[in-house]
Amino acid sequence: MNAFPPAPGGLPDQTALHTGRAVFTEAYAVIPHAVQREIVASLLPGWTGTRAWIHARPLSGFAETFAMLTVEVAPHGGSRTPEPDPQAQCVIHVVSGEIWLGLNGTEYNLGPGGYAYIPPGQSWRLHNGTDHPARFHWVRKRWEPADDLEAPEAFITDTADVAAHPMPGTDGRWSTQRFVDAEDLRHDMHVNIVRFEPGACIPFEETHVMEHGILVLEGKGVYRLNRDWVEVEAGDFLWLRAFCPQACYAGGPGPFRYLLYKDVNRHPRLGPVHPSAE
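Per-chain numbering applies: the sequence of each chain, read as written, is numbered from 1 onward. Predicted model: local features are reported for residues with pLDDT of at least 70 only, side-chain atom pairs are reported and counted for 80 or more only, and whole-chain, interface and lining totals are derived from all residues. Only hydrogens and water are set aside; all other atoms, that is, all heavy atoms of the structure, feed into the side-chain values.

Computed over the protein atoms alone on a 1 Å grid, cavities are sets of points where a 1.4 Å probe fits but cannot get out and pockets are open sets with protein on both sides within 12 Å along at least five of seven lines; a residue lines them when it has an atom within 4 Å of a point. Grid points are joined across faces, edges and corners, and a volume is the space filled by probe spheres set on the points. Within this structure, the stated rule accounts for three cavities of 30 Å³ or more. Reported here for the largest cavity is a volume of approximately 70 Å³. Taken together, Phe4, Pro5, Pro6, Ala7, His33, Gln36, Trp53, His55, Thr70 and Arg135 make up the lining of the largest cavity. Residue composition of the lining of the largest cavity, grouped by class: five nonpolar, four polar and one charged. Its boundaries defined by the atoms lining it, the second largest cavity holds a volume of some 60 Å³. Forming the boundary of the second largest cavity are Val91, Tyr115, Tyr117, Phe155, Phe179, Val180, His187, Met189, His190, Val191 and Asn192. No other element matches the four residues that strand 14 (residues 189-196) contributes to the lining of the second largest cavity. Here the term charged refers only to Asp, Glu, Lys and Arg, the term nonpolar to Ala, Val, Leu, Ile, Met, Phe, Trp, Tyr, Cys and Pro, and the term polar to all other amino acids, Gly among them. Segments assigned H or I by DSSP are reported as helices when at least four residues long, segments assigned E as strands when at least two residues long, and all are numbered from the N terminus.

As structure tokens, then:
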């Protein structure tokens, strides 16, 4: 199984060719796993024994609504004050090792497949109490208030306990694990896991208002991004701008699976937010 790999160590040899799959365009970006090396990792204030690969952050001409990171915590590392932005909500998805997540006075032990949603303003902490590194994906977005809606509650689950919903007409070959009710308008972001069996595909060019961040968890596939077809594999990150045409098919021999962020359930902003509305 071609599952989410660790970060490549060190640098390529000086004789290596520079031709690769990394690309940054006006409509999409692909950051392959092979370029997410130790030299490009970031250290984060308030965290010990931790390094992060920041795949996306709000930036003119790039991601507008979210930040997406892969975080590695060394044994006994972590943070008692992990989130610096009181307006930020987040999802944590564990891919290897174990973390201890402190939330609402309870400590949860999350292993591979562990999934947590933490609303804005929620105090939490994270610690690796084992003797081996732990890695997780961290998706952050400022929650956008709306009339008569309160922020959602925190929850902890495991991907093994969440049913996969087959897409219509696919015989289950394309399915999505949804971690929140799609009709719950309190949630202004969805972070789902999408799975394709070998040869299955998105059979049309989706073109929609949602922005996407995608981390490939398993397998390989070919993605249609705007005008281009791009090969991707486990460990790669993709950013898709709103309205970027998109489709894909799974390349096999095993499943093609990815973590998918999208912004949902809010009116489009018609201009900058007035300071008094913040």
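We now examine the nonpolar core. The nonpolar side chains of a soluble globular protein tend to be buried, and buried together. By convention a nonpolar core is built from buried Ala, Val, Leu, Ile, Met, Phe, Trp, Tyr and Cys residues, the set being connected through side-chain atoms within 4.5 Å. Only protein chains enter the accessibility calculation, which uses a 1.4 Å probe; a residue whose area is less than 20% of its type maximum is buried, one above 50% is exposed, and one in between is partly exposed. The biggest cluster of nonpolar side chains holds 24 residues, and the ones touching the most others in it are Phe196, Tyr223, Leu238, Phe256 and Tyr258. When residues of this core are traced back to their parent elements, those giving at least two are strand 2 (28-31), strand 14, strand 15 (212-218), strand 16 (220-225), strand 17 (228-233), strand 18 (237-240), strand 19 (246-250) and strand 20 (256-263). Contacts: residue pairs with any heavy atoms within 4.5 Å of one another. Ignoring any residue separated from it by four or fewer positions in sequence, one finds Leu238 in contact with Ala29, Val30, His212, Gly213, Ile214, Val216, Tyr223, Leu225 and Val232. Formed by 23 residues, the second largest nonpolar core is a distinct cluster that contains Ala29, Phe66, Val91 and Leu217.

We now examine the sheet that holds strand 17. Two strands form a pair only when DSSP identifies at least two bridges running between them. Across the sheet, which stays open at both edges, the three strands sit in the order 17-16-19 with antiparallel pairing between neighbours. In this open sheet, the two edge strands, each paired with only one partner strand, are strand 17 and strand 19. Recorded for the sheet is a direction-independent mean angle of 25° between the axes of neighbouring strands. In this structure, strand 16 lies alongside strand 19, joined through five bridges in antiparallel fashion. Residue Leu225 lies in a different strand from strand 19, and its bridge partner there is Gln246. The convention used is that axes are lines fitted to C-alpha atoms, helices contributing only their stretch in contact, and that angles between N-to-C directions extend from 0 to 180 degrees.

A word on the pairing of strand 16. For strand 16, the buried fraction is high: five of the six residues fall into the buried class. Sheet topology places strand 16 next to strand 17; six bridges connect them, and they run antiparallel. Bridging across to strand 17, Gly221 finds its partner in Val232. Connecting strand 16 to the next strand, strand 17, in antiparallel fashion are two residues, including Asn226 with a positive phi near 55°.

Side-chain rings of Phe, Tyr and Trp (the six-membered ring for Trp) are treated as a pair once their centres are within 6.5 Å; stacked means planes under 30 degrees apart, edge-to-face means over 60, and tilted covers the remaining angles. In this structure the tally under the stated criterion is 15 aromatic pairs. Note on Trp47 and Trp138: the rings are 5.6 Å apart at their centroids and 50° apart in plane angle, and the pair reads as tilted. Of this pair, Trp47 sits in the loop between strand 2 and strand 3 (48-56) while Trp138 sits in strand 10 (residues 134-142); the two residues are 91 residues apart in sequence, bridging distant segments of the chain. Plain terms: the ring middles of Trp229 and Tyr249 are 5.9 Å apart, the flat faces sit at 50° to each other, and that makes the pair tilted. Separated by 20 residues along the polypeptide, Trp229 in strand 17 and Tyr249 in strand 19 bring together distant segments of the chain. In this structure Tyr249 comes out as partly exposed when scored by relative accessible area, which is 38%. Each residue in the set Trp174, Phe196, Tyr223, Phe256 and Tyr258 is aromatic and connected to the rest through ring pairs, giving one cluster. The ring of Trp138 has Arg140 sitting right over it, with the charged end atom 5.5 Å from the ring centre. Whether a charge sits over a ring depends on NZ of Lys or CZ of Arg being within 6 Å of the ring centre and within 35 degrees of the ring normal.

Geometric descriptors of this kind do not, in isolation, establish any biological role.
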